[in-house]
2 protein chains.
Amino acid sequence: MLEFAILGLLQEAPMHGYELRKELTAKLGAIRAAISYGSLYPTLRRLQAAGWITEAAETPATAEEVPALTSRRGRVVYTITAEGKERFAQLIAQAGPETYDDTGFGVHFAFFARTDQATRLRILEGRRRKIEERREGLRDVLGRAAERLDAYTLELQRHGLDACEREVRWLEELIANERSGRAPTVPHPGTAGGRREDNSPPPPGESRKERP
Amino acid sequence: MLEFAILGLLQEAPMHGYELRKELTAKLGAIRAAISYGSLYPTLRRLQAAGWITEAAETPATAEEVPALTSRRGRVVYTITAEGKERFAQLIAQAGPETYDDTGFGVHFAFFARTDQATRLRILEGRRRKIEERREGLRDVLGRAAERLDAYTLELQRHGLDACEREVRWLEELIANERSGRAPTVPHPGTAGGRREDNSPPPPGESRKERP
DNA sequence: CCGCGATGTATCGGACCGATACATCGCACG
DNA sequence: CGTGCGATGTATCGGTCCGATACATCGCGG
């Protein structure tokens, strides 16, 4: 999962660890708290060993004659390689059952702009199936085993069931949108401030600014 | 987390591993998929080493003279000890910040029937605070960094924000209910089948059948 | 001038998962 | 009548990720 996210992010621009974590946190804020350095750095090492990324110590320019003396601390910048991009594409193409659990789905969804439409559809439908199964499980428990459980546990299940139904509806809309060929503008009722003017989603694919 | 859940469940009845997993899955179905045996068995071993539970090989009665011959396979039954109950109570009393993340909160909530009202209130408020923070983070991203992100990532954040707002409202109702002294009957609109007749929640506390 | 919060890299132990292996039981289908 | 398959049941192993911790630099306000 982390591997996937890192390869995805580094395709937008080379970054060092701290920056990577910040961007990751911003992009995945909706699904997971914050990536731990205890996962990030070992994963970066692993990716480099595999050849998907390269790391380069940042020493801006011509520091030949002044090595010591406020020696410019670390700042290792990571850059994705051609093999890394290939690997990322391969990870998207695989899109197995792990892709449908909460975290896996969220991370893949966050990189849908780099995913072809057929795969997007496949993932959305896989996820919907999985949530529908969870929903059925919860309905069963609320129906059949209700008297065996205390009021709090029941309330928890009810809240979970509600979330499932809501997510299924969300996925339905996304799937419908996807099939109609257009981008992911689900018409949200009146959630927050209602911040929405940009109503011209670019036909998804490559749309990142490569930072000159 | 697993330690807590196991100690909580074993207070209702002694169980063997398989049964424990099933009950755990039923009780926590709303928040996590299914406990892996790769976590369950090592944890049980750890709990026994600490003296919180005891394990006893199940050999129903008087099998002195017929040891071999369809020898009755394993079935190790785990029973909580007095120290184990103490430990459980201690874990509830601690209720630190880890208690407020998704999984931690869910597990604690599932055992609210064994938690005193003051602690319930503390946990609910801590959770609300945490979700409110996440919500603010998402609002920030959707407001300030919106143009830096693609349409799919934005949609993900919007869905996450929606879930946050919904959970805060849920928690508000639970907190209000808790303060008014009564059990957790949040008035759900018209979610599923509307299965709800049992409208007399027992004043929470100990209310488990000890299975004679 | 000093501390403190942001930036930045890094490790270690522990929790938990997914795959896998293996054994028994009951029953449905040929 | 047997045989295989799904449920019950115990157990391990490698790997991913987290939380705590350590340490160093930089700029700014008091």
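Residues numbered from 1 in each chain as written. Chains lettered and ligands numbered in written order. Predicted model: local features only at pLDDT ≥ 70, side-chain atom pairs only at ≥ 80, totals over all residues.

Caption draft 1: Quick peek at the overall build of chain A. Helices and strands together make up the secondary structure of chain A, namely 7 helices and 3 strands. Contacts in chain A between residues at least 24 apart in sequence constitute 65% of all its contacts with a sequence separation of at least 6. (Helix = DSSP H or I, 4+ residues; strand = E, 2+ residues; numbered from the N terminus. Contact = placed C-beta atoms within 7 Å.)

Caption draft 2: Quick peek at the protein's contact with DNA strand D. M1(A), G38(A), H16(B), G17(B) and G38(B) are the nearest of the 22 residues found near DNA strand D. If you list the elements that add at least two residues to the surface near DNA strand D, you get α3 (37-50) of chain A together with α2 (17-28) and α3 (37-50) of chain B. Among the elements that take part in the surface near DNA strand D, α3(A) stands out by supplying 4 residues, more than any other. Partitioned by chemical class, the residues of the surface near DNA strand D number 8 nonpolar, 9 polar and 5 charged. (Near = placed C-beta within 6 Å. Nonpolar A, V, L, I, M, F, W, Y, C, P; charged D, E, K, R; others polar.)

Caption draft 3: The arrangement of helix α4 (residues 82-94) of chain B in detail. All names here are of chain B. Here α4 is 13 residues long and its end C-alpha atoms lie 19 Å apart, about the 18 Å a rise of 1.5 Å per residue gives. Of the positions making up α4, those classed as buried are G84, R87, F88 and I92. Looking straight down α4, one finds its buried side chains confined to an arc of 140°; they lie on one side. Seen from the open side of α4, the exposed residues pointing more than 90 degrees away from its buried face are A82, E83, E86, Q90, A93 and Q94. Buried residues along α4 sit against α1 (2-10), β2 (53-57), β3 (76-80) and α6 (117-144). Directly after α4, the chain includes A95, whose backbone phi takes a positive value near 40°. (Expected span 1.5 Å × (residues − 1). Buried ≥ 20, exposed ≤ 12 C-beta atoms within 10 Å, placed from the backbone. Arc of directions from axis to C-beta.)

Caption draft 4: Local environment of the environment of G160(A). In this structure, G160(A) sits in helix α7 (residues 151-179). The class of G160(A) is buried, set by 21 C-beta atoms lying within 10 Å. Sequence separation between G160(A) and R134(A) is 26 residues; the distance between their C-alpha atoms is 9.3 Å. Each residue touching G160(A), except ones within four places of it in the same chain, is listed here: L138(A), A30(B) and I31(B).

Caption draft 5: Looking closely at the sheet that holds strand β3 (residues 76-80) of chain A. Spatially, the 3 strands line up as an open sheet ordered β1-β3-β2 (chain A), and their pairing is antiparallel. The open sheet has two free edges, formed respectively by β1 (15-16) and β2 (53-57) of chain A, since each of these has just one partner strand. (Pairing = 2+ DSSP bridges.)

Caption draft 6: A look at the protein's contact with DNA strand C. Residues in contact with DNA strand C amount to 22 residues; listed here are only the nearest, H16(A), G17(A), G38(A), M1(B) and G38(B). Those elements giving two or more residues to the surface near DNA strand C turn out to be α2 (17-28) and α3 of chain A together with α3 of chain B. With 4 residues, the top contributor of residues to the surface near DNA strand C is α3(B). Across the surface near DNA strand C, the residue classes break down as 8 nonpolar, 9 polar and 5 charged.

Caption draft 7: Seen up close, unusual backbone geometry. Residues and elements named next belong to chain A. We note that A95 has phi near 40°; this positive angle belongs to a residue other than glycine. Considering the arrangement of structural elements, one finds A95 in the loop between α4 (82-94) and α5 (102-110). For A95, a count of 17 C-beta atoms within 10 Å puts it in the partly exposed group.

Caption draft 8: How the structure looks around the domain arrangement of chain A. Annotation of chain A at the domain level lists domain 1 (1-58 + 75-96) and domain 2 (116-186). Taken over C-alpha atoms, the centre of domain 1 of chain A sits 29 Å from the centre of domain 2 of chain A. (Domains from an automatic or database assignment.)

Caption draft 9: Region of the structure containing the packing of α1(B) against α3(B). Residue and element names in this part refer to chain B. In contact at an axis separation of 10 Å, α1 and α3 are set at 75° when each is read in the N-to-C sense. Looking at the two axes, α1 sits roughly perpendicular to α3. Between α1, through L2, E3 and I6, and α3, the contact on the second element is made entirely by S39, T43 and L47. Here the contact of α1 with α3 is composed, by residue class, of 3 nonpolar, 2 polar and 1 charged. (Axes fitted to C-alpha atoms, helices over the stretch in contact; angles between N-to-C directions. Parallel < 35°, antiparallel > 145°, perpendicular 65-115°, else oblique.)

Caption draft 10: Expanded view of the packing of α7(A) against helix α5 (residues 102-110) of chain B. Between α7(A) and α5(B), the least distance of the axes is 8 Å, while the angle of their chain directions is 140°. Here α7(A) lies oblique to α5(B), going by the angle between them. The residues of α5(B) that touch α7(A), namely those facing Y152(A), T153(A) and L156(A), are G106(B), F109(B) and A110(B). Here the contact of α7(A) with α5(B) is built from residues that sort into 4 nonpolar, 2 polar and no charged.

Caption draft 11: Fine view of the sheet that holds strand β1 (residues 15-16) of chain B. Residues and elements named next belong to chain B. Reading across the sheet, the 3 strands line up as β1-β3-β2 and stay open at both edges, with antiparallel pairing between neighbours. Looking along the sheet, the strands with just one partner apiece sit at the ends: β1 and β2. Sheet topology note: the β1/β3 ladder contains 2 bridges and is antiparallel. Bridge pairing in β3 places H16 opposite V77.

Caption draft 12: Region of interest: the pairing of β3(A). Alignment of β2(A) against β3(A), held across 5 bridges, turns out to be antiparallel. Counted as the bridge partner of I53(A) is I80(A) from β3(A).

Caption draft 13: Structural context of the nonpolar core. Counting 71 residues, the largest nonpolar core has I6(A), L10(A), A110(A), I6(B), L10(B) and A110(B) as its most contacted members. I6(B) has contacts with L20(B), T43(B) and L47(B), leaving out every residue within four places of it along the chain. (Core = buried A, V, L, I, M, F, W, Y, C linked by C-beta atoms within 7 Å.)

Caption draft 14: View of the environment of R135(B). All names here are of chain B. Locating R135 in the fold gives a position in helix α6. Judged by local crowding, R135 falls into the partly exposed class, with 19 C-beta atoms found within 10 Å. Separated by 26 residues in sequence, R135 and L161 have C-alpha atoms that sit 5.8 Å apart.

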